[in-house]
Protein chains: 2
Amino acid sequence: MPDQNQDQLHAMRHSLAHIMATAIQRLWPQTKFGVGPVVENGFYYDVDLGPDTKVSEDDFNKIEAEMAKVITGNVPFEKSEMPVDEAIAWAQGSHQPYKEELLNDLKRAGTTVAKDLDAAELGTITSGDAAVENVSFYRNGDFTDLCRGPHVESTGKVGAFKLMRVAGAYWRGNEKNAQMQRMYGVAFATPKELRQHLDMLAEAKKRDHRKLGQELDLFVFSDLVGSGLPMFTPRGTVLRDEVAAFSNELRQRHGFQKVWTPHITKKDLYETSGHWAKFKDQLFLVTSQETSDELVMKPMNCPHHTRIYASQPRSYRDLPVRYLETTTDYRDEKTGELGGLNRVRALTQDDSHVFCRQDQIEREIDNLLASASELYGVVGMDLRVRLSYRDDSDAYLGSQELWATTQAQLKQAVIANDLTYFEEEGEAAFYGPKIDFMVTDAIGREFQVATVQLDFVQPERFGLEYTSEDGMPQRPVMIHCALLGSIERFLSVYIEHTAGKFPVWVAPEQVRLISVNQEAVTVNFAAELEQKAIAIGLRITTDNSNESVGKKIRAAELWKVPYTIVVGEKEVAGGDLTPRIRGDLAVAEVAKSYSVDEFFGTIANEAKMRVSKSSL
Amino acid sequence: MPDQNQDQLHAMRHSLAHIMATAIQRLWPQTKFGVGPVVENGFYYDVDLGPDTKVSEDDFNKIEAEMAKVITGNVPFEKSEMPVDEAIAWAQGSHQPYKEELLNDLKRAGTTVAKDLDAAELGTITSGDAAVENVSFYRNGDFTDLCRGPHVESTGKVGAFKLMRVAGAYWRGNEKNAQMQRMYGVAFATPKELRQHLDMLAEAKKRDHRKLGQELDLFVFSDLVGSGLPMFTPRGTVLRDEVAAFSNELRQRHGFQKVWTPHITKKDLYETSGHWAKFKDQLFLVTSQETSDELVMKPMNCPHHTRIYASQPRSYRDLPVRYLETTTDYRDEKTGELGGLNRVRALTQDDSHVFCRQDQIEREIDNLLASASELYGVVGMDLRVRLSYRDDSDAYLGSQELWATTQAQLKQAVIANDLTYFEEEGEAAFYGPKIDFMVTDAIGREFQVATVQLDFVQPERFGLEYTSEDGMPQRPVMIHCALLGSIERFLSVYIEHTAGKFPVWVAPEQVRLISVNQEAVTVNFAAELEQKAIAIGLRITTDNSNESVGKKIRAAELWKVPYTIVVGEKEVAGGDLTPRIRGDLAVAEVAKSYSVDEFFGTIANEAKMRVSKSSL
């Protein structure tokens, strides 16, 4: 059973946190311990070695050796319980002030601690705000820790692990508290799985989109412009435009029409939509020096789109009304949370909104899911979806019946599109159920990318209407959907997914011509070829530089250009072209030759069909 | 000589201002007069009839009748001079406090007055800040006015005029001053010219883009979003996208590449560019609540583009580097100055920047002028350009020699492109000479639309470089150019130019199908036709509504749809289609029939070739 395996792996990782702490206590007996939870792929422990002592990565060998001794010793993890006051006395006696603080909090009210720390790592916590009576401890040999468990049976049963890094971390995440050191390790059930994970990390490092962004000249940042505000070079802009055009095209097939709205608005718009009350602290505020208007930068586009919908009377025959807008939203992210394109302050959404009748929801969702399926199929990422439903609480707006019907419509559309899915109650937004898209990239990492979101609330708040067949005013439903999500975030994933080896339809440079020399006849012929390619819409460059052909070929490889053509005497004389095809695209074993028209025509067609392999 | 005619017309208009004042003084003897200058097409006079008296348009007949008497009287305009102190005594004696204030200012320092009022309308002003000694008056019969002249000989020689409107106006444009009434009239040398002008105004009113914007569902405003912030409906977004795509395509042919930059930046960028010192009061300020970053909305794109240029080392071989970006800039315009799309706070520029060597300027300008020529040729507006040069002052940056060479290059490119041009010294920006585009629309109005602007200063301030052939760092020149200028402003002109009858390539709806009935066979056939048209990229709709065919045809006409097809029994049976062609597009006298493929294919081709007449 997968769940049992997961529990077992969780216990291994948690036990390794204790074993790492055991080793650290042996090496630095004065160490004060914070918390040591399980995280994705591993574990960490926050430690304080005293005012003048710090662990560094240079110490990892020593610590791992000490951990190996603990593991070889294979001593049991033994659980015990004691009243919380006794535990506090223990913490004082052991000079563990962080544990003492936790225990005091636990004594007062369990949930206060549970809120800001992973409760699982602490002593037994009774539910609610009730004070705690007993807490549990786990002991392995000479190391005892306040802990709820569970653990593996004995220190020998912890699988394979590796210490990864050490970083500064404020006690309980608050920068006013003491700065501790957070020591991270990864751990898996078998050495093979650990090796696979480490290989994946090494591969991910090579593919880091920030590194590739620089090497392939895709985007740049400037201190003068500010953090989280990328600028895209001509090459990077091709990526943006191509993926956005594809995403738009998919929806335009289903009747979506482009609209355009400005990037700012008076805050009145969000007071009406309700966003102001909820998110006003996370918005960029815009001050007009000429007027008293209080403006903000838009963090989303739906309220603007309702203004276009509401600008005309709508009848049941006009619905669905489907708006599409690729536009940049601004969110005031903390500088520390920004990194490359993964999290930015200027995020461009391939956004869309459907205004429809309730009986049209399933069809609309179906269209959007088909679009998402096709998109993620073409970019070569595995897609699965989460159906996010309401739970039994009263935190949701709209009738129970409406929720039941629409949740069923969402599920029906997911099944009709043959999508891998799972369902989760309590994951819906308060204003409607949704479908979250998750994709797995080429090296096995899963990302949430986009969402299809029903909305019963904004139509209400904005008083949107259509006239039904019997002439009565009715309220439409809104469906929010961005297929890519944020284009910047999508590109951060896609650049790493492809390792910068973009298929022809996305490649900023599809063909590179390399002249064998700088003679006029060669250079002119290359220029002629280039013009021919440009005329049919190809992205092509020519390398006429005074370098050796070998060096120029190597350069084209570094730029990961799909097709490279060496232009020499034979080509100038009217001979066929023999393309060098980038390895990942090539399917034929031997390089073949093509007439100029055939070669360019084939590439243009590959781009148009958005294929991922070469047909040459 | 045209200049003499202009001078004569100016004197006529100015004399009419006096004649209107004469009439007003006769009708309302207590009137206090402000200033009465000549403006485009006519004249105005600011008047104050006292606290409880107001002129209204209902009085225009009465005033015009009184003016006619003055004109029939044909009394001479007589000039006299007197010392300024005597003039002040005259103003006091005549109970003309506004004139008295002007005379007191004139006495102190001529230029102070000249700065905020049209100096030509005032008494003789000696140059510089020197105090004035003598001022001149003009008298016609019973009316005397402080005035520099010149006037026509006598009141009978003033051509044809019409009073147009009356509006509130603060004395000297300052809202802290008294509110006067500004009475406007238009005037021309002949009744025929006046008639033509009034016809043009009537036509302009019919074509008002704000009216057409609503009737043709092109754009909307919302009080919740704010003034000057238009939102474009699906139809209006087609206009935006088509004109921008054309403008981009023209430059992409000349090697321009799209880039992308965010809409905000730290103000540091503009401190470096120098814009902060000059324009900081006209920017929208952006406050980050999460960081201490001081941000602003970009009012232009050049500083961002320098950051992309500077992100890589550039060699002389890499130049010109040509960036293209259609992006929205934000300018904090006063609310009172906003109107429709003509002046907005969110203006989308089809902007571009060339970074080149000095020896490349002429070629680059040549390419841009060729693009502008083609663009305004296709949209059917007459283009003429102004070559704006430096003058002899020392207000310009960059060497005299650089200016002389580059001004000559601009002129050469203008001549090579066979453009109508005129030259003006002193019209250049301090950072470089420029070419201003002026277009004349279908009803004879001239607008300044776009600019090609050389810039020697930003490359300097940002320290931009390239490596010359001999390995030395050199400074590139920047060329700013937007062909359309602001897309919103261009559309305000273009909508009125076309009166909403867009050629096929721009038309939001290119074809409308009208079903003769609601029977399934008809509706299904129309749907089939619609799918065929969509498949080849046409913008088509179908009117299946339960209205008469006549009513549906009338509706298509109101929407100004280029082609309308009535789908009936004959068409369903496989017969040819007989398009109704919008009047302005039609060239053939008789309606012809076409096979489905021929009809759609021809329209698609018309759109692709951007023709302005139908070939059907």
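Residues numbered from 1 in each chain as written. Chains lettered and ligands numbered in written order. Predicted model: local features only at pLDDT ≥ 70, side-chain atom pairs only at ≥ 80, totals over all residues. Heavy atoms only, no water.

Draft legend 1. Layout of the overall build of chain A. Looking only at helices and strands, chain A features 19 helices and 27 strands. Expressed as a percentage of the 616 residues in chain A, the buried residues total 55%. Contacts in chain A between residues far apart in sequence, at least 24 positions, make up 70% of those at least 6 positions apart. Surface accessibility of chain A: about 26600 Å² in total, with carbon and sulfur atoms responsible for 47%. Both charge centroids of chain A, one from 70 positive and one from 91 negative side chains, sit 2 Å from each other. (Helix = DSSP H or I, 4+ residues; strand = E, 2+ residues; numbered from the N terminus. Buried < 20%, exposed > 50% of the residue type's maximum accessible area, 1.4 Å probe, protein only. Contact = heavy atoms within 4.5 Å. Areas by Shrake-Rupley, 256 points an atom, 1.4 Å probe, with all protein chains shown as cover. Lys, Arg positive; Asp, Glu negative; His and termini not counted. Charge placed at Lys NZ, Arg CZ, Asp CG, Glu CD.)

Draft legend 2. Focus on the interface of chain B and chain A. Contacts between the two partners involve 62 residues from chain B and, on the opposite side, 62 residues from chain A. Counting each side, the surface lost to burial between chain B and chain A is near 5000 Å², with a carbon and sulfur contribution of 59%. Counting the contacts that link chain B with chain A gives six salt bridges. Lys258(B) is the salt-bridge partner of Asp241(A), the closest N and O atoms lying 3.5 Å from each other. Linking chain B with chain A are 39 residue pairs in polar contact (both at pLDDT 80 or more). Top element by residues in the side of chain B that touches chain A is helix α8 (residues 234-252) of chain B. It accounts for four residues. Of the residues assigned to the side of chain B that touches chain A, the class counts are 24 nonpolar, 21 polar and 17 charged. (Buried area = accessible area lost by both parts, 1.4 Å probe. Salt bridge = Lys/Arg side-chain N within 4 Å of Asp/Glu carboxyl O. Polar contact = N/O pair within 3.5 Å; in protein donor to acceptor, adjacent residues only side chain to side chain. Nonpolar A, V, L, I, M, F, W, Y, C, P; charged D, E, K, R; others polar.)

Draft legend 3. Examining the pattern of salt bridges more closely. Within the structure shown, the criterion is met by 92 salt bridges over all chains. We note a salt bridge from Arg357(A) to Asp359(A), for which the minimum N-O separation is 3.1 Å. A residue is classified by how much of its surface remains accessible, and Arg357(A), at 18% relative accessible area, is buried. A salt bridge links Arg139(B) to Glu78(B), with the shortest nitrogen-to-oxygen separation between them at 2.7 Å. Of the two residues, Arg139(B) is situated in strand β5 (residues 134-140) and Glu78(B) in strand β4 (residues 78-83); the sequence distance between them amounts to 61 residues. Taking the relative accessible area as the measure of exposure, Glu78(B) reaches 36% and is therefore partly exposed. Among the ionic contacts, a cluster of salt bridges with common partners joins Arg386(A), Glu424(A), Glu427(A), Lys434(A) and Asp436(A).

Draft legend 4. How the structure looks around the relation of the copies chain B and chain A. Once chain B has been moved 0.1 Å along the axis and rotated by 179°, it coincides with chain A to within an RMSD of 0.3 Å. One copy is carried onto the other by what is essentially a two-fold rotation axis. Rotation axis and chain B: the residue whose C-alpha lies nearest the axis is Val286(B), separated from it by 2.2 Å. Of the interface residues in chain B, 100% have counterparts in chain A that sit at the interface too, so the contact is made through matching surfaces. (Least-squares fit on C-alpha atoms with pLDDT ≥ 70 in both.)

Draft legend 5. Structural view of the confidence of the model for chain A. All names here are of chain A. Across chain A, the average pLDDT comes to 91, with 95% of residues at 70 or higher. Confidence drops under pLDDT 50 across residues 111-129; counting only partners more than four residues distant or on other chains, this segment forms 51 contacts. Both confidence scores are given for the complex: pTM 0.88, ipTM 0.88. (pLDDT = per-residue confidence, 0-100.)

Draft legend 6. Broad picture of the environment of Ala591(B). Residue and element names in this part refer to chain B. Tracing the sequence through the fold places Ala-591 in the loop between β27 (580-581) and α19 (596-609). Each C-alpha atom, one on Ala-591 and one on Thr-578, is 6.7 Å from the other, the two residues being 13 residues apart in sequence. Apart from residues no more than four positions distant in its own chain, Ala-591 is found in contact with Thr-578 and Pro-579.

Draft legend 7. Spotlight on the sheet that holds β4(B). Residues and elements named next belong to chain B. One open sheet holds the three strands; their spatial order is β4-β5-β6, and the pairing between them is antiparallel. The sheet is open, and its two edges are formed by β4 and β6 (143-146), each paired on a single side. The average undirected angle you get between the axes of adjacent strands in this sheet is 30°. The pairing of β5 with β6 spans four bridges and is antiparallel. If you follow Asn-140 over to β6, its bridge partner there is Phe-143. Each of β4, β5 and β6 touches helix α3 (residues 84-93); the most contacted strand, β4, lies at about 110° to it. (Pairing = 2+ DSSP bridges. Axes fitted to C-alpha atoms, helices over the stretch in contact; angles between N-to-C directions.)

Draft legend 8. Structural view of unusual backbone geometry. A cis amide bond links Gly149(A) with the next residue in sequence, Pro150(A), at an omega value of -5°. You can see Pro150(A) is positioned in the loop between β6 (143-146) and β7 (160-170). For Asn74(A), which is not glycine, the phi torsion reads 45° and is therefore positive. Following the sequence through the fold, Asn74(A) ends up in the loop between α2 (60-73) and β4 (77-83). Of note in this structure, Asp418(B) is not a glycine but carries a positive phi near 60°. By the secondary structure assignment, Asp418(B) is in the loop between α13 (400-416) and β18 (420-425).

Draft legend 9. Region of the structure containing α8(B). Taking 1.5 Å as the rise per residue, α8(B) with 19 residues should run 27 Å; its terminal C-alpha atoms sit 26 Å apart, in good agreement. Of all 19 residues that make up α8(B), 14 are buried, and the element is covered over most of its length. (Expected span 1.5 Å × (residues − 1).)

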